[in-house]
Amino acid sequence: MDVNTAADYAFARDGGAAARRHALLAEAYDPVTLDRLAETGVGSGWQCLEVGAGAGTVSVWLAERVAPSGEVLATDVRRPVLPRMPGLRGQVHDAVTDPLPEAAFDLVVARLVLRHLPQRAQVLDGLVRALKPGGWLQIDEFDTSYEPPLLVDDAADRRVFESFLAAKDIAMRARGVDPSFGRHAAGAMRDAGLVEVDPRPRVQLRHPGSADLALLAENVTDMRDSLREAGMSEHELDRVRDLFAAPGFRACSSLLYSVHGRKAAR
Ligand SMILES: C[S@@+](CC[C@H](N)C(=O)[O-])C[C@H]1O[C@@H](n2cnc3c(N)ncnc32)[C@H](O)[C@@H]1O
């Protein structure tokens, strides 16, 4: 696989499934992402870019702060579905193949996008070039190598959950995803020339009813074929779904690293 373009993406491109996944991502992770964005001081007049905007909730939050003198450009390989509001513009844009304007943005944000792109180093260089001197880059990325089960009814259920995590990792990697990119994001941003690089790890509790566990359940559906190829049986996948609905189930989420870096002021 050379490029992860609109035609090639780890998750199902079914519109309904994508919309559900993006809504769950927003519910689970906007509190982290928006708190960190607020730390940059983003406000009136800023020019912002969100790459791979998904549901667009992050871009909407930014537009409410920068409009009317500033603007947020929300891009994605799929046409972003955005509300009509001042200071918000959507654009179909492939982060791998399409150029970005240089030195144009005070703030660039990309959450859970670079992990999907085998060319992430090249894409990161483009995001850095798109920053104005002194501008902020925020990269939020998972490291899914740490998602331990905490409360599971019996040893067989624990084993099937651990098999699911292992199969998910194999299936993701087979599609060019780096599931642990989060742990490398800060180093990659420093290597791309950013200064004041500041990584913050966050975890959550997965329990029935939590958005983060609902996301994992969506993975079981979305990635069913590739999870089967990675060694899970239909029976085991059904058992994982049942496990996620068991009232006593508790697990730790993956780590989400929210990383800031700045382009040196001239
Ligand atoms: C896991 S979703 C994250 C969405 C959103 N950033 C969030 O965190 O809620 C990954 C997003 O990246 C987009 N994407 C995948 N490949 C892309 C590419 N080559 N260029 C731009 N966006 C891409 C997908 O369409 C999807 O919206």
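Just so you know, these numbers come straight off a predicted model, no measurement behind them.

> An account of the overall build of the protein chain is requested, with residue identities and associated values reported.
From N to C terminus, the protein chain includes eight helices and 10 strands. Compactness check: the protein chain gives a C-alpha radius of gyration of 19 Å against a globular reference of 18 Å for 266 residues, within 12% of the reference. Taking the principal axes of its C-alpha atoms as reference, the protein chain extends roughly 60 × 35 × 35 Å. Counting only residues that meet the buried cut, the protein chain has 53% of its 266 residues in that class. Pairs at least 24 residues apart make up 75% of the contacts formed inside the protein chain by residues separated by at least 6 positions. Here the protein chain contributes 32 positive and 38 negative side-chain charges, whose respective centroids are spaced 3 Å apart.

> Can you explain the environment of glycine 56? Please cite residues and give values.
Looking at the secondary structure, you find glycine 56 in the loop between strand S1 (47-50) and helix H2 (57-66). On the accessibility criterion, glycine 56 (0% relative accessible area) is buried. Along the primary structure glycine 56 and valine 81 are separated by 25 residues, whereas in three dimensions their C-alpha atoms are 7.3 Å apart.

> Let's hear about the UniProt feature "domain: Methyltransferase type" (unreviewed entry) in the protein chain: which residues, and what values?
When the UniProt feature table is mapped to this numbering, "domain: Methyltransferase type" (unreviewed entry) covers residues 49-137. With 24% helix and 30% strand, residues 49-137 has its two end C-alpha atoms placed 10 Å apart.

> Before we move on, could you go through the packing of helix H4 (residues 155-174) against helix H8 (residues 234-245) and cite the residues and values that matter?
Look at H4 against H8: their axes get within 10 Å of each other, and the N-to-C directions meet at 110°. Between H4 and H8, the interaxial angle falls into the category roughly perpendicular. Residue-level inspection shows Ala156, Asp157, Val160, Phe161 and Phe164 of H4 in contact with H8, the latter providing Glu236, Arg239, Val240, Leu243 and Phe244. Grouping the constituent residues of the contact of H4 with H8 by class yields seven nonpolar, no polar and three charged.

> Give a description of unusual backbone geometry that names residues and reports values.
Residue proline 68 follows alanine 67 across a cis peptide bond; omega there is 5°. Unlike most non-glycine residues, leucine 112 shows phi in positive territory, near 55°. The topology assignment puts leucine 112 in the loop between strand S4 (105-111) and helix H3 (120-130). For leucine 112, a relative accessible area of 10% gives the class buried.

> Before we move on, can you summarise the pairing of strand S2 (residues 71-76) with the specific residues and values?
Burial analysis of S2 places five of its six residues in the buried class, which makes it a mostly covered element. Across four bridges, S1 lies against S2 in parallel orientation. What sits directly across from glutamate 50, in S2, is alanine 74. Regarding the hand of the β-α-β motif, the stretch spanning S1, H2 and S2 is right-handed.

> I'd love a proper account of the side chain of histidine 93, names of residues and values included.
As for its placement among the helices and strands, histidine 93 is situated in the loop between strand S3 (88-92) and S4. A residue is classified by how much of its surface remains accessible, and histidine 93, at 5% relative accessible area, is buried. Within the structure, the side chain of histidine 93 is placed 3.1 Å from the backbone oxygen of aspartate 98, a separation counted as a polar contact. If sequence neighbours within four positions are ignored, histidine 93 has contacts with Thr75, Asp76, Val77, Asp98, Pro99 and Leu100.

Here is what the cut-offs are and how they apply
- Each residue is numbered by its place in its chain's sequence as written, counting from 1.
- With the structure being a predicted model, the display of local features is reserved for residues of pLDDT at least 70 and the display and counting of side-chain atom pairs for 80 or more, all residues being used for whole-chain, interface and lining totals.
- As a convention, hydrogens and water are excluded, and side-chain values are obtained from all of the structure's heavy atoms.
- Only DSSP runs of H or I reaching four residues or more are called helices, and only runs of E reaching two or more are called strands; each is numbered from the N terminus.
- Note on method: radius of gyration uses C-alpha positions; expected globular size equals 2.2 Å times residues raised to 0.38.
- Accessible area is worked out with a 1.4 Å probe on protein chains only. A residue is then buried under 20% of its type maximum, exposed over 50%, and partly exposed in between.
- In what follows, a contact means two residues having at least one pair of non-hydrogen atoms within 4.5 Å.
- In summary, the charge assignment counts Lys and Arg as positive and Asp and Glu as negative, without counting His or the chain termini.
- One atom stands in for each charge, and that atom is NZ of Lys, CZ of Arg, CG of Asp or CD of Glu.
- UniProt positions are given in the numbering used here, feature names are shortened, and annotations may be inferred rather than shown by experiment.
- Helix axes use the C-alpha atoms of the stretch in contact, all axes being lines fitted to C-alpha atoms, and the angles between their N-to-C directions lie in the range 0 to 180 degrees.
- Should an angle fall under 35 degrees it is called roughly parallel, over 145 degrees roughly antiparallel, and 65 to 115 degrees roughly perpendicular, with every other angle called oblique.
- Note on residue classes: Ala, Val, Leu, Ile, Met, Phe, Trp, Tyr, Cys and Pro are nonpolar, Asp, Glu, Lys and Arg are charged, and everything else, Gly too, is polar.
- Here, a strand pair is defined by DSSP locating no fewer than two bridges between the strands.
- Handedness of a crossover: with both strands directed away from the viewer, a clockwise path from the first strand across the helix to the second marks it as right-handed.
- For this analysis, a polar contact is any N or O atom pair within 3.5 Å, provided that within protein one partner can donate a hydrogen and the other can accept it, and provided that sequence-adjacent residues contribute only side-chain to side-chain pairs.

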